[in-house]
Amino acid sequence: MKVAEAVGRSLYAAGVGQVFGVVGSGNFHLTNAMVAAGSRFVAARHEGGAATMADAYARMSGTVAALSVHQGPGLTNAMTGIAEATKSRTPLLVLAAEVTEPRSNFYVDQEALARSVGAVSARVTSAEDAVTEALDAVRRAVCERRTVLLNLPLGVQALDVPDALAGESALAVVPPERAPVEPEFADVEALARVLEKSRRPVFVAGRGARSPGARDALVALAERHGALLATSAVARGLFHGDPWSLDVSGGFASPLAAELIQEADLIVGWGCALNMWTMRHGRLIGPDSTVVQVDDDTSALGAHREVHLGVTGDVELTARRALETHVANRQPQQGEQAQQGHRAQQRQQARQGFRTADIGAAIAARVRWRDVPYEDTSTRERIDPRTLSVALDDILPAERVIGVDSGNFMGYPSMYLSVPDENGLCFTQAFQSIGLGLATAIGAALARPDRLPVAALGDGGAMMGAAEFDTVRRLGLPMVVVVYNDDAYGAEVHHFGPDGHPLETVEFPPTDIAAVARGYGFEAVTVHTRADLKAVEDWLAGPRSAPLLVDAKVVADRGAWWLEEAFRGH
């Protein structure tokens, strides 16, 4: 058995059941070995798309996924998607063929490429150690939540694995997920004391809280202390349906959500970086607010801003331990029942916190962006992106999974389209790269086949990723692709235009993206007004035998509210 086959078998046995990629000569045998063993392979039209599909699949499935690429250009083509996955701490395994001879035209320093974007680099070095080294790479991806590049030199791939070791590929044992980190008792006690003192607490949950168990624990703890609930953009939907949810904190926060977060005397980030996006460069933190951060990675604590208390621990475990500590602290001591009863009553009243009738009514009426009044600037030729997004929110089924590209438009689908839970929005925005949205939606769709996949793109990102329209059609995905088409790179237009800079480099002649999509086998509709969306309703009511693209000609008279935040963060 050759090394390529042994490694392919061992990766499948270790739980790598989904592979994306573009196959060339260097990764042909490895990819086929994984498929023969049982892995599902999805062929993308470009390695960059394959990388983002794998990233999105891993995020939405909760499992490690693999990306398989050719040596040299196969890897360089994939680097933007790999950088996004790395910055998002996605457990992803990149399998790259490698040439080691510097005179080869395929030679690049692949290890240096991985380091340059923060990925972990590993290599298969011999026939004797190939399986062990491959399994170590999977283990690091899963247990350290890292993107790992496993280089597979062509010469090593072609070697024969000793017969005595060939059977090891069937004995692969890799933990299915990272083991939860138990918080220190003293840290939990300190957190419980801070919560007891708080009168206006807000919980902000991030990627590290994206699980039903963590959600339930946070909801219970928030109820005990009268806390309001919010999320970072990547965890949007975690508290969907909770009457005390503020939806997203940060640049996408509605005016009411931002106002209430600024009034908090305690902000607790649960598996959340509390970075410039989530806290609007700190402007959402009141001058007298106490800031606490809970994360299972100690290096994340205080990485973006100073915190008053940092707790290393799994979000669910820490929240449950805080609940238990609170209950223990509430037991009256002998001889102090009357005094403690009076204090308990006072504390119970204080624990109403932010959860007053007036605030509850305000949240119900005004926390969603679609409930914030606006002046509709639609014309007979172009539709206001807010009007478009609200209409689509009403038309599309509630059970949906949304992938969003980057750009001036991105907040409209991210905030106006509701999602059913934390697995409803796949937000690949850590690198802020345009062109990842369609591939994001493909990966998310494969991870959640029970939901309608929706890709929300700008015209720039749609054209960048158009090759993957073929992948959507080929896979038979019943996807709705919505293009917010302003015939420009809108972020740059609205950032530089007010200062009188020439904009010819970022504005384009009108493009019939609907016609482009039809060429790939899509059904397509061009939308100028709300009435044109009747075609979307008809598609939803039909067999959905072909994907649908909506080329929405949107008004371009204003920059989005999050633009200022985005450019300040460069």
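Our structure's up above, just so we're on the same page.
Source: prediction; values computed, not measured. (Residues numbered from 1 in each chain as written. Predicted model: local features only at pLDDT ≥ 70, side-chain atom pairs only at ≥ 80, totals over all residues. Heavy atoms only, no water.)

S.K.: Just to check I follow, could you spell out the overall build of the protein for this structure?
M.R.: Secondary structure summary: the protein contains 23 helices and 18 strands in total. At 25 Å, the protein has a C-alpha radius of gyration in line with the 25 Å of a compact globule built from 570 residues. Principal-axis analysis of the C-alpha atoms places the extent of the protein at approximately 80 × 65 × 45 Å. Out of the 570 residues belonging to the protein, those deemed buried represent 57%. Taking the contacts inside the protein whose residues are at least 6 apart along the sequence as the reference set, 76% of them involve residues at least 24 apart. Of the roughly 22800 Å² of accessible surface on the protein, 51% is carried by carbon and sulfur atoms. On the protein, the mean spot of the 52 positive side-chain charges and the mean spot of the 69 negative ones are 4 Å from each other. (Helix = DSSP H or I, 4+ residues; strand = E, 2+ residues; numbered from the N terminus. Rg over C-alpha atoms; globule rule 2.2 N^0.38 Å. Buried < 20%, exposed > 50% of the residue type's maximum accessible area, 1.4 Å probe, protein only. Contact = heavy atoms within 4.5 Å. Areas by Shrake-Rupley, 256 points an atom, 1.4 Å probe, with all protein chains shown as cover. Lys, Arg positive; Asp, Glu negative; His and termini not counted. Charge placed at Lys NZ, Arg CZ, Asp CG, Glu CD.)

S.K.: What exactly am I supposed to notice about the side chain of Asp-296 here?
M.R.: Mapping Asp-296 onto the fold places it in the loop between strand 11 (290-295) and strand 12 (309-312). Overall, the relative accessible area of 15% leaves Asp-296 in the buried class. At a separation of 3.0 Å, a polar atom in the side chain of Asp-296 contacts the side chain of Arg-145. Excluding anything up to four places from it in sequence, Asp-296 contacts Arg-145, Arg-178, Val-181, Thr-312, Gly-313 and Asp-314. (Polar contact = N/O pair within 3.5 Å; in protein donor to acceptor, adjacent residues only side chain to side chain.)

S.K.: Help me out: how do you make sense of the nonpolar core in this one?
M.R.: One recurring pattern in soluble globular proteins is that nonpolar side chains are buried together. With 53 residues, the main nonpolar core has Leu-67, Ile-82, Leu-438, Met-479, Val-481 and Leu-549 as its most contacted residues. Beyond its immediate sequence surroundings of up to four residues, Ile-82 is in contact with Ala-51, Leu-67, Leu-75, Val-94, Val-117 and Thr-147. Within the second largest apolar cluster, 40 residues are counted, among which are Ala-233, Leu-388, Leu-396 and Leu-452. (Core = buried A, V, L, I, M, F, W, Y, C linked by side-chain atoms within 4.5 Å.)

S.K.: Just to check I follow, could you spell out the sheet that holds strand 5 (residues 120-123) for this structure?
M.R.: Two modes of strand pairing occur in sheets, parallel and antiparallel, and in both the strands are linked by backbone hydrogen bonds. Here six strands make up an open sheet; going across it, the order is 2-1-3-4-6-5 and the pairing parallel. Here the strands that pair on one side only, and so sit at the sheet edges, are strand 2 (40-43) and strand 5. Adjacent strand axes in the sheet meet at a mean angle of 25°, parallel and antiparallel pairs treated alike. Where strand 5 and strand 6 (residues 147-153) come together, four bridges link them in parallel fashion. In the sheet register, Val-120 faces strand 6, and the bridge partner there is Val-148. (Pairing = 2+ DSSP bridges. Axes fitted to C-alpha atoms, helices over the stretch in contact; angles between N-to-C directions.)

Just geometry here; none of it tells us what the structure is for.
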